[in-house]
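# What the coordinates show
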Amino acid sequence: MKLYCLSGHPTLPCNVLKFKSTTIMLDCGLDTTSVLNFLPLPLVHSSRLSKLPGWVSKDGTVNLEKELKECSGRVFVDSHPEFCLPERELLDLSTIDVILISNYHCMMALPYITEHTGFTGTVYATEPTLQIGRLLMEELVNFMERVPKAQSATCWKNKEIQRILPGPLKDAVDVWTWKRCYSMQEVNSALSKVQLVGYSQKVELFGAVQVSPLSSGYSLGSSNWIIQSHHEKVSYVSGSSLLTTHPQPMDQSSLKNSDVLILTGLTQMPTANPDGMLGEFCSNLAMTIRAGGNVLVPCYSSGVIYDLLECLYQFIESASLGTTPFYFISPVANSSLEFSQIFAEWLCHNKQTKVYLPEPPFPHAELIQTNKLKHYPSIHGDFSSEFRQPCVVFTGHPSLRFGDVVHFMELWGKSSLNTIIFTEPDFSYLDALAPYQPLAMKCVYCPIDTRLNFHQVSKLLKEIQPLHVVCPEQYTQPPVSQSHRSDLMLELQPPPMPYRRCSVLNLPFRRRYERVYILPELANSLVPSEIKPGISVATVSAVLHSKDNKHTLQSVPKPPPVPPSKKRKRVMEEPPVVLVPKPLLSGAVPLEAFLATLQKHGITEVKVEETADGHILHLQAEDTLIQLEEDGTHIVCDNNEPLRTTLRDLVLRFLQKL
């Protein structure tokens, strides 16, 4: 069993498992942190960005003024943002049979995998994962295509040039593999390969293994996966949560008795308590609005935003914010808010019961009805005529490199009355803000990450007790910024097997058994012999037939009768000789009883020597050795065939013939 690791980002995994002649890809996350090296894409022409000076090396030998721009001591690439893809050279991706998706954040690289590698397999995901994943991809494509850039920067990627660039561009990894965003046509083609599954539904793969999704408690439709054969079980735990939020709670009991547990997608903020962060978010928002400022919340169009809106719904009245408008701006804002209301069976019990009242499961429906929350596809059109301040704006993208958020940064960044509140943990807020410096607006960092932390995962692993744990190497050591915190890492016995991008792990796991079926007529012919009370054994001569990973024992076919020949043959053909199988022996030769039997037959001078495997009997007068071992008996006797035959018969008295 082998595991190929194609992504270096622990919360955006992409691994390939080879198990029982099947090749299974586990997630295909897209590492979008690479976009932080690019200049923002403004929706409206920005004179500030267009006037940024180009970069020239200190000695003047390298001039990349057209490709690189300097801003507040940092250098940015002036071209369409590019993404860091999963590794595509480690193995032939056209051999992948199936792709299992655990949540909508971990499928953003799907079009790169299914459309450009010769992939002909099937993708399995739950319905909310597919539909919300489609929205996130559609939004990403929309953000990119709204602001086309003529030039594409490639010179800076030259190894010799990259080496002399200032950081973090100098340290960027695998820049030649970075790719621009896919098209909507590629998204539709990729998602047409998805087959929908429900929690605990069992899917057979080629008769070899069975895969089944379990609720992971992190987001709508998010799953952990069980991959099992008749005798082996692998669990894949990715992006799970034990907190009580809007999705169905995590199914922990089904993960028990795993031979191998592959663990990814733990919280990126192990020291930040999500409840505390929500409280901080609300209080900072209220303070800014009361002071007459605006609040900008860069966020994804699905996920944490549902919890933020629910939290604000409860907070608005008590904080006297009843008249403050809330705007949600995204090309998919309307679809996202509607989807959250219709996927009732994927919600927690509390929200499911509301559907039968009937009430909308999320309170943002009421916010929309009362006009407190308004949603728009972009800042153009209706929004510009209905926009009033002070207000709260939820919009994307959290990297601040593309989407409507870029316009609000340019609009509000110069006033200290305004506040930007970061809630998504995927990007460093300092790096996100770098191309907007110097910035007057206040910045608040309230990362809300509900995924498992190290304390929760240690407790979970104690309960489910997998034999082996495999995880990203980042989880086996404390974070660089807090190297003294040994509680921010996985400490297990035996230690987990770590992996990094491009590593190939041989999992410590030997397949020992295979299930074989026996045909009824063959089973009928067996003659069992009892070797121990309750245990019977029978010998079988059969043909092993294997097809689609199912193995069947069938009766040996009888040879066809030879048709009579008219011509006389000179030599009569002999029929093939079928050897009668030798009887099998079972049991053990007891030492004391055997010595007594030898004495009865006149063999008295016996020297007994104990060995690691049993005993050696030296018959001194006869110059013969008998080795008695657990699984065999050897008689070493030179040039005395009658004695050897006698000893053999004495040994056989103690054994059972099958």
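Since the structure is predicted, the reported quantities are computational estimates derived from the model, not experimental observations. (Residues numbered from 1 in each chain as written. Predicted model: local features only at pLDDT ≥ 70, side-chain atom pairs only at ≥ 80, totals over all residues. Heavy atoms only, no water.)

With that settled, the discussion passes to the sheet that holds strand S8 (residues 122-125). For sheets, the rule is that strands pair by backbone hydrogen bonds, running either parallel or antiparallel. Reading across the sheet, the 7 strands line up as S9-S8-S7-S3-S2-S1-S23 and stay open at both edges, with mixed pairing between neighbours. Unpaired on one side and paired on the other, strand S9 (194-196) and strand S23 (504-506) mark the two borders of the sheet. When the angles between neighbouring strand axes are averaged without regard to direction, this sheet yields 25°. Where strand S7 (residues 98-100) lies against S8, 3 bridges are found, and the strand directions are parallel. Among the inter-strand pairings, Ile-99 is bridged to a residue of S8, identified as Val-123. (Pairing = 2+ DSSP bridges. Helix = DSSP H or I, 4+ residues; strand = E, 2+ residues; numbered from the N terminus. Axes fitted to C-alpha atoms, helices over the stretch in contact; angles between N-to-C directions.)

Another point: the packing of aromatic side chains. Scanning the entire structure with this criterion turns up 20 aromatic pairs. Note on Tyr-199 and Trp-346: the rings are 5.0 Å apart at their centroids and 75° apart in plane angle, and the pair reads as edge-to-face. Here Tyr-199 is found in the loop between S9 and strand S10 (203-205), whereas its partner Trp-346 is found in the loop between helix H8 (333-342) and helix H9 (349-355), with 147 residues between them in sequence. Judged by its relative accessible area of 8%, Trp-346 falls in the buried class. Considering the side-chain rings of Tyr-306 and Phe-362, the 5.4 Å spacing of their centres and the 45° angle between planes classify their relative orientation as tilted. On the criterion of sequence distance, the pair formed by Tyr-306 in helix H7 (residues 304-318) and Phe-362 in the loop between H9 and helix H10 (364-369) is long-range, its members being 56 residues apart. The same class applies to Tyr-306 and to Phe-362, which are both buried. An aromatic cluster of at least three residues, connected via ring pairs, comprises Tyr-327, Tyr-376, Phe-383, Phe-387, Phe-408 and Trp-412. The ring centre of Phe-362 lies 5.0 Å from the NZ or CZ of Lys-351, which sits over that ring. (Phe/Tyr/Trp six-rings, centres within 6.5 Å; stacked < 30°, edge-to-face > 60°. Buried < 20%, exposed > 50% of the residue type's maximum accessible area, 1.4 Å probe, protein only. Lys NZ or Arg CZ within 6 Å of the ring centre and 35° of its normal.)

Let us now look at the sheet that holds strand S24 (residues 516-518). The strand order across the open sheet formed by 3 strands is S24-S28-S27, and the pairing between neighbours is mixed. Each of the sheet's edge strands pairs with one partner strand only, and the pair in question is S24 and strand S27 (543-547). On average, adjacent strands in this sheet sit at an angle of 30° to one another, irrespective of strand direction. Sheet topology places S24 next to strand S28 (residues 550-554); 3 bridges connect them, and they run parallel. Residue pairing across strands places Val-516 opposite His-551, the latter belonging to S28.

Here the focus is helix H16 (residues 591-600). If you check which residues of H16 are buried, you get Leu-591, Phe-594, Thr-597 and Leu-598. One side of H16 carries all its buried residues, which in axial view fall inside an arc of 125°. Across H16 from its buried face, at more than 90 degrees, point the exposed residues Glu-592, Gln-599 and Lys-600. At its buried positions, H16 is contacted by strand S30 (606-610), strand S31 (614-619), strand S32 (624-629) and helix H17 (641-653). Taken from the residues just after H16, Gly-602 is the one with a positive phi, measuring 80°. (Arc of directions from axis to C-beta. Contact = heavy atoms within 4.5 Å.)

Turning to the domain arrangement of the protein, a few remarks are in order. Assigned domains of the protein: these are domain 1 (2-267 + 451-506), domain 2 (274-445) and domain 3 (585-657). Its C-alpha centre places domain 1 at a distance of 25 Å from the equivalent point of domain 2. Domain 1 puts 47 residues into the contact, and the matching count from domain 2 is 46 residues. Between domain 1 and domain 2, a total of about 3800 Å² is buried, with carbon and sulfur atoms accounting for 68% of that surface. Sorting the residues of domain 1 by area buried against domain 2 places Leu-36, Phe-143 and His-246 first, and these three jointly supply 17% of that buried surface. Linking domain 1 to domain 2 there are 3 salt bridges. Where Arg-74 meets Asp-431, a salt bridge forms, and the shortest distance between an N and an O atom there is 3.3 Å. Counting the contacts that link domain 1 with domain 2 gives 15 residue pairs in polar contact (both at pLDDT 80 or more). (Domains from an automatic or database assignment. Buried area = accessible area lost by both parts, 1.4 Å probe. Salt bridge = Lys/Arg side-chain N within 4 Å of Asp/Glu carboxyl O. Polar contact = N/O pair within 3.5 Å; in protein donor to acceptor, adjacent residues only side chain to side chain.)

Along the chain, Arg-648 turns up in helix H17. Between the alpha carbons of Arg-648 and Ile-626 there is a distance of 9.9 Å; along the sequence they are 22 residues apart.

Our focus in this paragraph is the side chain of Ser-241. Secondary-structure assignment places Ser-241 in the loop between strand S13 (233-238) and strand S14 (260-264). At 3.2 Å, the side chain of Ser-241 forms a polar contact with the backbone nitrogen of Leu-243. When sequence neighbours within four positions are dropped, the list of residues in contact with Ser-241 reads Ser-216, Gly-217, Tyr-218, Met-250, Thr-450, Arg-451 and Leu-452.

In this section: the pattern of salt bridges. Scanning the model with the defined rule gives 15 salt bridges in all. Glu-514 serves as the salt-bridge partner of Lys-20, at 3.1 Å between the closest nitrogen and oxygen. Placement of Lys-20 in the loop between strand S2 (15-19) and strand S3 (22-26) and of Glu-514 in the loop between S23 and S24 is noted, with a sequence separation of 494 residues between them. Given a relative accessible area of 9%, Lys-20 falls into the buried group. In this structure Glu-514 comes out as partly exposed when scored by relative accessible area, which is 32%. A salt bridge links Lys-193 to Glu-115; the shortest N-O distance between them is 3.1 Å. Separated by 78 residues along the polypeptide, Lys-193 in the loop between helix H5 (184-191) and S9 and Glu-115 in helix H2 (residues 110-115) bring together distant segments of the chain. Connected through salt bridges with shared partners, the residues Glu-87, Asp-174 and Arg-501 form a single ionic network.

The subject of this paragraph is H17. Relative to the 18 Å expected for 13 residues at 1.5 Å per residue, H17 spans 19 Å between its end C-alpha atoms, a close match to the ideal helical length. Restricting attention to buried positions, one finds in H17 the residues Leu-643, Leu-647, Leu-650 and Val-651. With its buried residues spanning 100° around the axis, H17 presents them on a single face. With respect to the buried face of H17, the exposed residues turned more than 90 degrees away are Pro-642 and Arg-653. Those residues of H17 that are buried are in contact with H16, S31, S32 and strand S33 (632-636). (Expected span 1.5 Å × (residues − 1).)

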